[in-house]
Amino acid sequence: LLDLHVMAAQSSDWDVVDELVKGITRAEKEIVEVLYEDEGSLEVCGQGGTGWKPERWREQFDNIISMRRDRNAPVDAMGAEKQSGDDLPPKVSRMHVLVSLMLSSQTKDQVTDAAMTRLRERGLTVDTLLSMEEREIADLIYPVGFWKRKAQYLKQTCQVLKHKYGGDIPKTVHELCQLPGVGPKMAHLTMNIAWKEASGIGVDTHVHRISNRLGWVQTTTKTPEQTRVELESWLPREYWIEINLLLVGFGQQTCLPVAPKCHECLNRSLCPFAGRNLKTT
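Residues numbered from 1 in each chain as written. Predicted model: local features only at pLDDT ≥ 70, side-chain atom pairs only at ≥ 80, totals over all residues. Heavy atoms only, no water.

**Q** Any chance you could explain the overall build of the chain here in plain terms?
**A** The helix and strand tally for the chain stands at 16 helices and zero strands. Going through the 281 residues of the chain one by one, you find that 52% of them count as buried. Nonlocal contacts in the chain, meaning residues at least 24 apart in sequence, comprise 64% of its contacts between residues at least 6 apart. Looking at the chain as shown, the accessible area adds up to about 13700 Å², and 52% of this sits on carbon and sulfur atoms. (Helix = DSSP H or I, 4+ residues; strand = E, 2+ residues; numbered from the N terminus. Buried < 20%, exposed > 50% of the residue type's maximum accessible area, 1.4 Å probe, protein only. Contact = heavy atoms within 4.5 Å. Areas by Shrake-Rupley, 256 points an atom, 1.4 Å probe, with all protein chains shown as cover.)

**Q** Can you walk me through the pattern of salt bridges in this structure?
**A** Enumeration according to the criterion identifies nine salt bridges in this entry. Taking the shortest distance from any N to any O, the salt bridge between D127 and K162 comes out at 2.9 Å. Linking D127 in helix α8 (residues 126–131) with K162 in helix α10 (residues 147–164), this pair joins segments that are 35 residues apart in sequence. What makes K162 partly exposed here is its relative accessible area of 37%. Salt bridges sharing partners connect three or more residues here, namely E225, R228 and E232. (Salt bridge = Lys/Arg side-chain N within 4 Å of Asp/Glu carboxyl O.)

**Q** Help me understand the nonpolar core, please; the structure alone is not making it clear to me.
**A** Across soluble globular proteins, nonpolar side chains show a tendency to be buried alongside one another. Judged by nonpolar contacts, the single largest core of 40 residues is most densely connected at M95, L103, L119 and I141. Put simply, the parts of the chain that give this core at least two residues each are α6 (90–104), α7 (109–121), α8, α9 (134–141), α10, α11 (173–176) and α12 (184–194). Sort the elements by how many residues they give to this core and α6 lands first, with seven residues. Setting aside anything within four residues of it in sequence, one finds I141 in contact with L103, A115, R118, L119, W147, K150, A151 and L154. The next biggest cluster of nonpolar side chains, apart from the first, holds 28 residues, and it includes I201, W234, W240 and V248. (Core = buried A, V, L, I, M, F, W, Y, C linked by side-chain atoms within 4.5 Å.)

**Q** Would you take a moment to explain α9 for this structure?
**A** Think of an α-helix as turning once every 3.6 residues; residues three or four places apart then point the same way. Taken residue by residue, α9 has I137, A138, L140 and I141 as its buried positions. Viewed along the axis of α9, the buried residues span an arc of 165°, placing them on a single side of the element. (Arc of directions from axis to C-beta.)

**Q** Honestly, the packing of aromatic side chains in this entry has me stumped. Any pointers?
**A** In this description, a pair of aromatic rings is defined by centroid distance and the angle of the planes. Scanning the entire structure with this criterion turns up seven aromatic pairs. Consider the rings of W57 and F61, whose centres lie 6.0 Å apart with planes at 75°: the pair is edge-to-face. Of the two residues, W57 and F61 both sit in helix α4 (residues 57–67), four residues apart, roughly one turn of that helix. F61 shares its class with W57; the two are buried. Here F61 and W216 contribute two aromatic rings whose centre-to-centre distance is 6.4 Å and whose plane-to-plane angle is 25°, an arrangement assigned as stacked. Highlighted residues: F61 in helix α4 and W216 in the loop between α13 (205–214) and α14 (224–232), separated in sequence by 155 residues. A single burial state applies to F61 and to W216, both of which are buried. Taken together, the aromatic side chains of W57, F61, W216, W234 and Y239 make up a single cluster linked through ring pairs. (Phe/Tyr/Trp six-rings, centres within 6.5 Å; stacked < 30°, edge-to-face > 60°.)

**Q** What am I meant to see in unusual backbone geometry here?
**A** Geometrically, the link from Y142 to P143 is a cis peptide bond, its omega value of 15° lying close to zero. Along the polypeptide, P143 turns up in the loop between α9 and α10. Here the phi dihedral of K196 falls at roughly 55°; this positive angle occurs in a residue that is not glycine. The exposure class assigned to K196 is exposed, which follows from its relative accessible area of 65%. The phi dihedral of A259 is positive, around 55°, even though this residue is not glycine.

**Q** How do you make sense of the environment of W147 when you look at a structure like this?
**A** On the secondary structure map, W147 appears in helix α10. Note: C-alpha distance between W147 and L103 (44 residues apart in sequence) is 8.0 Å.

**Q** Would you mind showing me how to read the side chain of N192 here?
**A** Within the secondary structure, N192 sits in helix α12. Relative accessible area serves as the criterion here: at 3%, N192 is assigned to the buried category. With residues near it in sequence (within four places) discarded, N192 still touches E197, A198, S199, G200, G202, W240 and I241.

As structure tokens, this is what we get:
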């Protein structure tokens, strides 16, 4: 699955990209079907564990909260939490959260926010998107990553929302993952933000990277899904909703993918990665 993502990101041929994205979606759906075939697994996931937990995680967690006290990262102003709109009807608000998350994959918050603004200017509802041609939707969301494919997914998803859910969004991870282009990360974040339910931890590249750097996984994980399972095995459920926003902002400002600011980090003496990184710089 990771190889497919890399190949898609590197390709400039849209026909090739479309086929790769189809492969990514099929692979993600297979993972989801295994993980969520039984609704009861939603409660089991993250509850069993081995009894292991990072020795100083609470101290590391509190340090990140301190470093994020200003809440001025891009995700704080333009993330999915800010896309729901306080003045919108509940159904429309939840739909905006889902749409913003669908657009956000492989896309910077600034680009996603601009696309959402253009969609809102046209009146972003299930019926509005259904009334548009796919090409028109694509023009409005460009240049989000995989904009052609996402325009198709949005159109298909709105058809499902209209006919199966009365214009609302699904209320379970299992049902959300049946929507075109929606995988576990998006499903859990949708549940967290739109339904205010801690169904699971939304793990994106930031959460995945930082969890491995801090030693919050028992063994190094290769995929966000593996990281999610590891985190849910020990992190108290009360933190499942807030951890994504907390770590994404931390990853945007301090624990960067390249050239992380370890010398500024309050966890520099507690983080295995920082210990190695500071020795080489």
